[in-house]
Amino acid sequence: MRSNTLRRIKIRRPRLGRPTGSDVTSGTVTGLFSIPEGMAYAAIAGFNPVAGLYAGVVPAIVGSLTSRTVLMVTTLTSAIALTSQSVLSDAGLDPKNAGNVALLTVMVGAVMLLMGALRLGAVMSFVSNAVMTGFSTGIALQIITGVLKDATGYEPQGHNKIHQLGDWLRHVGDWQLAATLTALATIALWAVARAVKRLEPVALLIAMVLVSAAVAVLSTDVDLVKDIASVPAALPSFTAPDPTAGPDLVQGAVSVALVALAQAAGIAPSMPNPDGTRSDVNGDFRSQGYANLAGGLLQALPSGGSMSRTGVAVSAGARTRWAGVVSGVFLAVVVLLCGSLAERIPMPVIGGLILVVGGELIWGKRHDIALVLRTSWMSAGAMAVTFLATTQLPLQQAIALGAVLSLLLYARRPPAKPVSSPSSRRATAAGKRPRRPPPSLRARSPSSTTRAPPSSPNCPASKPSSPHPTAFTVRPWSWSSAPFPTSRPQPCSNSSTGTPNDWPTEAAT
């Protein structure tokens, strides 16, 4: 009976449920948050910022409807954007070509579906925390160095991200004053809004709107979004993938899928389902696959479970999966009605917001970095190597290196100590002298170790009629001794009340 109940609980799946008022509020906040973050992530990777907006529409709706982790929001993340750009560039393809982006997104979705169908969710457990920490920190540094030109007007030079950061710091005198002040004002206003608890979820949005309005009023000479791409006031339209680039993107699609799935795998433990149902990693794989297959045909970039966007939704009051659905629908309405306003957003504002996001990513990893450094020299070395590889190599190569390091760390992991019963521990210690038993288990005379049941009119005392009396008998400690009695003494029943009398007890030691 119990096993059947547990089986029913195990296979119970999350239901669609009904949207609540808090879900509508949370979806509205999350949709607004997706405007600056989606455009920023697309811009730092060299994609059309509009594709970053569209990544928060169809993928968010499809992912929320099909996900086994109820509160997970599927959309574009910084790591996915940078990995996608690296894959396309390494294949010699233009990241701004809609057909190339559509093909990559659809292939990523197919890889996710295949991994979910093959139930490869357990693979994520082999990814070392040290490797993921180094990879995430390297991605954060790439985010920061990718927007230094937008934030200050100076494009740093160097063959890797660390050298670019050093070159940017050495050329402070070449920074443009207007762009730098605009970015600083954005960061300062974000910090003020974030200090107010109720405004914390929309602090990025507040900073973007107010500073953009100030730039327009003061006619500040800075680059705008319309200088990079036009934002049509329209819903995403069908885009056919370019099949000619398929053979060059197979390995890259696997890399992008692994990055997206590794990020999403950490959402379920952090955001359990409010309805008490269990999450399923393989189900989440398939959900993200559906989202990318649909989004790839509707002008979206590759997407995956976003920890930052999910955190915004939860902090704003999300209770069901409808919060993610509302966020996608609301963002579509905003793009349809206010698309032209997005073209007036200054690029230094987006640069300042991305500097905030990158800084928060590094600051949020400080405890993980300290933990890895304290764990072992091998874990610290794996973290450092992954970080350097992420900042100097194409991301798909850094991912492959991180996978190899994770397997090495897993192979070198010390075996867990088995939990065994006292009898099995005695058996494994054969040949060694057993410890002296406690006084309560030492051999005693029969008169001191056996006690007859108390006599009463309804339960007279009687002599044991079997080798194992009704009273507990303590046997001498010996390897050759027979097992202790497994039969339990039966209480004497009071015929008048139907309740048992005192149980037989062992003599006091």
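Preceding block: the structure.
Rules behind the numbers
Residues numbered from 1 in each chain as written. Predicted model: local features only at pLDDT ≥ 70, side-chain atom pairs only at ≥ 80, totals over all residues. Heavy atoms only, no water. Helix = DSSP H or I, 4+ residues; strand = E, 2+ residues; numbered from the N terminus. Buried < 20%, exposed > 50% of the residue type's maximum accessible area, 1.4 Å probe, protein only. Contact = heavy atoms within 4.5 Å. Areas by Shrake-Rupley, 256 points an atom, 1.4 Å probe, with all protein chains shown as cover. Patch = residues over 30% accessible without salt bridge, like charges linked within 9 Å, V, L, I, M, F, W, Y side chains within 5 Å. Salt bridge = Lys/Arg side-chain N within 4 Å of Asp/Glu carboxyl O. Phe/Tyr/Trp six-rings, centres within 6.5 Å; stacked < 30°, edge-to-face > 60°.

**Q** Explain the overall build of the protein chain to me, using residue names and the numbers behind them.
**A** The helix and strand inventory of the protein chain stands at 22 helices and 2 strands. Relative to its full complement of 509 residues, the protein chain shows a buried share of 43%. When contacts within the protein chain are restricted to residue pairs at least 6 apart in sequence, long-range pairs at least 24 apart make up 82% of them. Carbon and sulfur atoms form 62% of the exposed surface of the protein chain, whose accessible area is close to 26,200 Å².

**Q** Tell me about a nonpolar patch on the surface, and name the residues and values.
**A** On the surface, a nonpolar cluster with roughly 440 Å² of combined accessible area is contributed by L235, V329, V333, L336 and L337. One can find V329 in helix 16 (residues 322-342). Note on V329: relative accessible area 43%, which makes it partly exposed.

**Q** Go over unusual backbone geometry, please, and point to the residues and values.
**A** A positive phi angle is found at R119, which is not glycine, with a value near 55°. If you trace the backbone, R119 turns up in the loop between helix 6 (98-117) and helix 7 (129-146). Positive phi values are uncommon outside glycine, yet S219 reaches one of about 55°. Its location among the elements puts S219 in the loop between helix 11 (203-218) and helix 12 (250-264).

**Q** So what's going on with the packing of aromatic side chains? Residues and values would help.
**A** Applying the stated criterion across every chain, the model contains 1 aromatic pair. With 4.4 Å between their ring centres and 20° between their planes, W168 and W175 make a pair best called stacked. Residue W175 is classed as partly exposed on the basis of its relative accessible area of 23%.

**Q** Could you give an account of the side chain of T186, naming the residues involved and the relevant values?
**A** In this fold, T186 is placed in helix 10 (residues 177-195). Apart from the residues within four sequence positions on either side, T186 is in contact with A207, V211, V349 and L353.

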